[in-house]
Amino acid sequence: NYVIFNGNIIERSEANVDIEDRGYQFGDGVYEVIRVYNSKMFTATEHLERIILSAKKIGMELTYTVNEMKELLTQLITKNSLEHGTIYMQFSRGVAPRNHPYPPSDVAHSFVAYTKEVARPLANLENGVKAILKEDIRWLLCDIKSLNLLGNVMAKQEAVSQGCYEAIQHRGEVVTEGSSSNISIIKDGTLYTHPASNLILNGITRRKMIEVCEKDGIPVVEEPFSLNDLNTADEVFLSSTTSEITPIVQINEKQVGEGVPGVLTKRIQGLFDAAIESECGS
Ligand code: PLP
């Protein structure tokens with residue numbers, strides 16, 4: 001099993017993270033998760049452009065271009081014979097004596113990437129999942145895919161400890177996003193999803209979903225929606241790289257619609273499948 005470690009492909013057992021890596025000590029860095037189907041990366045350009053942008057937003061100028069990263073990641077997929085799974089990658093601000101201010105800009109970023117075999121979540125896609133509601137207590141730069149995930153981790157843990165798959169977060173009355181996914185609702189045939197702003201991560205799955213819906217004539221409204229809208233929605237679903245388009249059939253103790261995946265959600269799943277197939281084959 002091979003990993004990318006500071007630009008080189010090496011055995012995982014050879015990779016050693018320094019105890020003063022700023023990613024390890026401060027969560028000072030950014031990451032991405034990219035889906036691989038049939039040994040091909042799905043929406044790789046979008047993910048790689050996003051990690052460059054996330055880095056820029058925390059004052060890190062990555063030294064890799066999208067194409068350089070793509071080339072390295074493709075080599076890693078081949079080396080590991082990865083067919084269906086994910087690539088996790090992260091850049092931290094590098095190794096320096098522990099001190100809050102950024103180290104000098106000539107300190108090299110730490111770049112790590114590795115692969116994992118993951119099957120598509122077929123049972124969840126088919127049957128849907130349960131979610132809880134949770135006040136969104138995270139910071140105000142949720143558009144950055146930062147290594148600091150404590151708020152997300154705590155929200156997810158609360159969901160899991162209640163036998164649920166996801167925590168739907170809200171700031172007061174406004175629904176923001178899941179702990180590791182974006183949330184959309186369907187009401188009277190229209191899809192509503194929180195606009196890309198500092199309060200959510202602008203998911204690549206979310207963007208692809210909007211694209212395929214608009215192409216198929218499903219009306220999309222990118223506006224904040226309320227807890228009341230969520231409670232009275234016909235259908236609710238989450239979207240993410242690993243969970244794709246997963247129906248939500250129960251929130252806290254209340255069924256969504258009939259308590260089964262909705263008609264439009266299933267149609268969007270079909271459109272999303274077609275997008276995967278056209279980019280990565282079937
Ligand atoms: N929102 C958060 C907080 C996430 O962690 C993720 C993905 O892990 C998403 C949204 C969905 O983003 P994407 O579709 O790019 O995976």
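Note that the coordinates shown come from a computational prediction; the quantities given were computed from them, not determined experimentally. (Residues numbered from 1 in each chain as written. Predicted model: local features only at pLDDT ≥ 70, side-chain atom pairs only at ≥ 80, totals over all residues. Heavy atoms only, no water.)

(A) A look at unusual backbone geometry. Backbone geometry at S81 places phi at a positive 45°, although glycine is not the residue there. Positive phi outside glycine occurs at D188, with the angle close to 50°. Among the structural elements, D188 can be located in the loop between strand 10 (182-187) and strand 11 (190-193). The exposure class of D188 is exposed, given its relative accessible area of 66%. (Helix = DSSP H or I, 4+ residues; strand = E, 2+ residues; numbered from the N terminus. Buried < 20%, exposed > 50% of the residue type's maximum accessible area, 1.4 Å probe, protein only.)

(B) Main features of the packing of helix 2 (residues 44-57) against helix 3 (residues 66-79). One can describe the packing of helix 2 onto helix 3 by two numbers: an axis separation of 10 Å at closest approach and a directional angle of 120°. The angle between the axes of helix 2 and helix 3 places the two elements in the oblique class. The hand of the helix 2/helix 3 crossing is right-handed. Each of A44, T45, L48, E49, I51 and I52 in helix 2 lies in contact with helix 3, whose residues at this interface are V66, M69, K70 and L73. (Axes fitted to C-alpha atoms, helices over the stretch in contact; angles between N-to-C directions. Parallel < 35°, antiparallel > 145°, perpendicular 65-115°, else oblique. Left-handed = near helix turned anticlockwise from the far one by under 90°. Contact = heavy atoms within 4.5 Å.)

(C) Quick peek at helix 5 (residues 150-161). Helix length check: helix 5, at 12 residues, gives a terminal C-alpha distance of 16 Å against a target of 16 Å (1.5 Å per residue), a fit within 8%. Summarising the contacts, the buried residues of helix 5 are in contact with strand 7 (129-135) and strand 8 (166-171). Just past helix 5, the residue G163 takes up positive phi, approximately 75°. (Expected span 1.5 Å × (residues − 1).)

(D) Structural view of the site of the ligand. Neighbouring residues of the ligand: 17 residues in total, closest R50, E177, I204, T205 and T241. Here an oxygen atom of the ligand sits 2.6 Å away from a polar atom, N or O, in the side chain of T241. If the ligand stood free it would expose 390 Å²; the protein chains cover 91% of that surface. Judged by the proximity of its atoms to the pocket grid, the ligand belongs to the largest pocket. Of all the secondary-structure elements, those providing two or more residues to the shell around the ligand are helix 6 (204-216) and strand 13 (235-240). When the residues that make up the shell around the ligand are grouped by side-chain class, the tally is three nonpolar, 10 polar and four charged. (Near = heavy atom within 4 Å. Polar contact = N/O pair within 3.5 Å; in protein donor to acceptor, adjacent residues only side chain to side chain. Areas by Shrake-Rupley, 256 points an atom, 1.4 Å probe, with all protein chains shown as cover. 1 Å grid on protein atoms, 1.4 Å probe; cavity = no way out; pocket = protein on both sides within 12 Å on 5 of 7 lines; lining within 4 Å. Sits in = over half its atoms within 2 Å of the grid points. Nonpolar A, V, L, I, M, F, W, Y, C, P; charged D, E, K, R; others polar.)

(E) Highlighting the layout of surface pockets. A volume near 1,000 Å³ is recorded for the largest pocket. As for the largest pocket, its lining consists of 43 residues, of which Y31, K145, L149, S179 and S180 are closest to the centre. When residues of the lining of the largest pocket are traced back to their parent elements, those giving at least two are strand 3 (29-37), helix 2, strand 5 (85-92), strand 6 (110-117), helix 5, strand 9 (174-178), helix 6 and strand 13. The leading source of residues in the lining of the largest pocket is helix 5, at five residues. Partitioned by chemical class, the residues of the lining of the largest pocket number 18 nonpolar, 18 polar and seven charged. Each of two domains, domain 1 (2-117) and domain 2 (122-280), supplies a minimum of three residues to the lining of the largest pocket. Here the second largest pocket defines a volume of roughly 190 Å³. (Points joined across faces, edges and corners; volume = space filled by probe spheres on them. Domains from an automatic or database assignment.)

(F) Region of the structure containing the nonpolar core. If you look at the biggest cluster of nonpolar residues, it comprises 25 residues, and the most contacted ones within it are M41, L73, M89 and F91. Of all the secondary structure elements, the ones that give two or more residues to this core are strand 3, helix 2, helix 3, strand 5 and strand 6. A total of six residues in this core trace back to one element, the largest contributor, which is helix 3. Apart from residues lying up to four places away in sequence, L73 is in contact with I4, I34, M41, L48, I87, M89 and A113. In terms of nonpolar packing, the next biggest core, distinct from the first, is built from 19 residues, Y37, I245, L264 and I276 among them. (Core = buried A, V, L, I, M, F, W, Y, C linked by side-chain atoms within 4.5 Å.)

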